[in-house]
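Remarks on the overall topology
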Amino acid sequence: MSKNIKIAVYPGSFDPFTNGHIDIVERALKIFDQVIVAILNNPSKKALFTVEERVEMIKKSFNNGENVTVDAFDGLLVDYARMQNATAVIRGMRAISDFESEFQMALMNRRLCREVQTIFLMTGLRWIFTSSSIIKEAAQFGGDITGMVPVFVKQKLKEKFPKMKE
Ligand code: PNS
């Protein structure tokens, strides 16, 4: 791969991937040639979807577009980013409540590795209140989450939560 290609890693749990996440990837693609959506494989954190299910859902969101790849990683994010020749880590920023923990993580990552920069992208206003957790909670108790996640993610949520509104 050419040295001039600018690669960013967009890490997260993505349990599940939402339209807010898609928005961030699309913004990142305006700056970077390639975005790697990297799912943290964390066996100690109980997830609703397996890593394989999440990889599949994210791949479908981008119709196998060449400039977005999907992967899973474990261990330190900065080690993974270096291994992928990425120069940046992308994180979405919604409200000020995100700031404290994101700032802490960015500074720790900078301390661990000075070559990888963290770039915060502001999510679109329509996604400001959404998160994977709140969407799962609404779905679990029968709420309608249409338009907040891609159609196939909604179908997968329906399989897990049959009470969910179609
Ligand atoms: O979607 P999330 O759960 O907020 O994503 C958090 C994630 C995966 C970005 C973060 O937990 C992470 O990078 N974990 C890997 C271990 C690591 O490098 N931690 C940061 C420095 S200690």
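Above this text sits the structure in question.
Residues numbered from 1 in each chain as written. Predicted model: local features only at pLDDT ≥ 70, side-chain atom pairs only at ≥ 80, totals over all residues. Heavy atoms only, no water.

Details of the nonpolar core
Formed by 21 residues in total, the largest nonpolar core has its most connected members in Tyr 10, Phe 17, Val 25, Val 37, Ile 58 and Ile 90. At the level of secondary structure, the elements contributing two or more residues to this core comprise β1 (7–12), α1 (19–28), β2 (34–40), α2 (51–61), β3 (68–73) and β4 (88–93). Element by element, the count of residues in this core is highest for α1, at four residues. In contact with Ile 90, not counting residues within four places along its chain, are Ala 8, Val 9, Tyr 10, Pro 11, Ile 24, Ala 28, Phe 32, Ile 119 and Leu 121. Grouped together as the second largest cluster of nonpolar side chains are 13 residues, Ile 36, Ala 38, Phe 73 and Val 89 included. (Core = buried A, V, L, I, M, F, W, Y, C linked by side-chain atoms within 4.5 Å. Buried < 20%, exposed > 50% of the residue type's maximum accessible area, 1.4 Å probe, protein only. Helix = DSSP H or I, 4+ residues; strand = E, 2+ residues; numbered from the N terminus. Contact = heavy atoms within 4.5 Å.)

So, the site of the ligand
Around the ligand, 13 residues are found, and the nearest of them are Gly 12, Ser 13, Leu 77, Arg 91 and Asn 109. Leu 77 has a polar backbone atom sitting 2.8 Å from an oxygen atom of the ligand. Out of a free accessible area of 550 Å², the ligand has 69% covered by protein chains. Cavity membership is defined here by more than half of the atoms lying within 2 Å of grid points; on that basis the ligand lies in the largest pocket. If you list the elements that add at least two residues to the shell around the ligand, you get β1 and α4 (96–112). (Near = heavy atom within 4 Å. Polar contact = N/O pair within 3.5 Å; in protein donor to acceptor, adjacent residues only side chain to side chain. Areas by Shrake-Rupley, 256 points an atom, 1.4 Å probe, with all protein chains shown as cover. 1 Å grid on protein atoms, 1.4 Å probe; cavity = no way out; pocket = protein on both sides within 12 Å on 5 of 7 lines; lining within 4 Å. Sits in = over half its atoms within 2 Å of the grid points.)

With respect to the layout of surface pockets
The volume enclosed by the largest pocket comes to roughly 920 Å³. Pro 11, Gly 12, Ser 13, Phe 14 and Arg 91 are the residues nearest the centre of the largest pocket, which is lined by 36 residues in total. Secondary-structure elements contributing two or more residues to the lining of the largest pocket are β1, α1, β4, α4 and α5 (132–140). Of the residues forming the lining of the largest pocket, the biggest block, six residues, is contributed by α4. (Points joined across faces, edges and corners; volume = space filled by probe spheres on them.)

Structural notes on α2
For α2, every residue scored as buried is listed here: Val 51, Glu 53, Arg 54, Val 55, Met 57, Ile 58 and Ser 61. Of the surrounding secondary structure, the elements contacted by the buried residues of α2 are α1, β2, β3 and α6 (151–160). Downstream of α2 by one or two residues, Asn 63 has phi in the positive range, about 45 degrees.

Regarding unusual backbone geometry
In this chain, Asp 15 is followed by Pro 16 through a cis amide linkage whose omega measures 5 degrees. Structurally, the position occupied by Pro 16 is in the loop between β1 and α1. Located in the positive-phi region is Phe 14, a residue other than glycine, with phi close to 45 degrees. As for its placement among the helices and strands, Phe 14 is situated in the loop between β1 and α1. The class of Phe 14 is buried, set by a relative accessible area of 4%. Even without a glycine there, the phi angle at Asn 85 is positive, about 60 degrees. Along the chain, Asn 85 falls in the loop between α3 (77–83) and β4. Owing to a relative accessible area of 60%, Asn 85 belongs among the exposed residues under this scheme.

None of this, on its own, says anything about what the molecule does.
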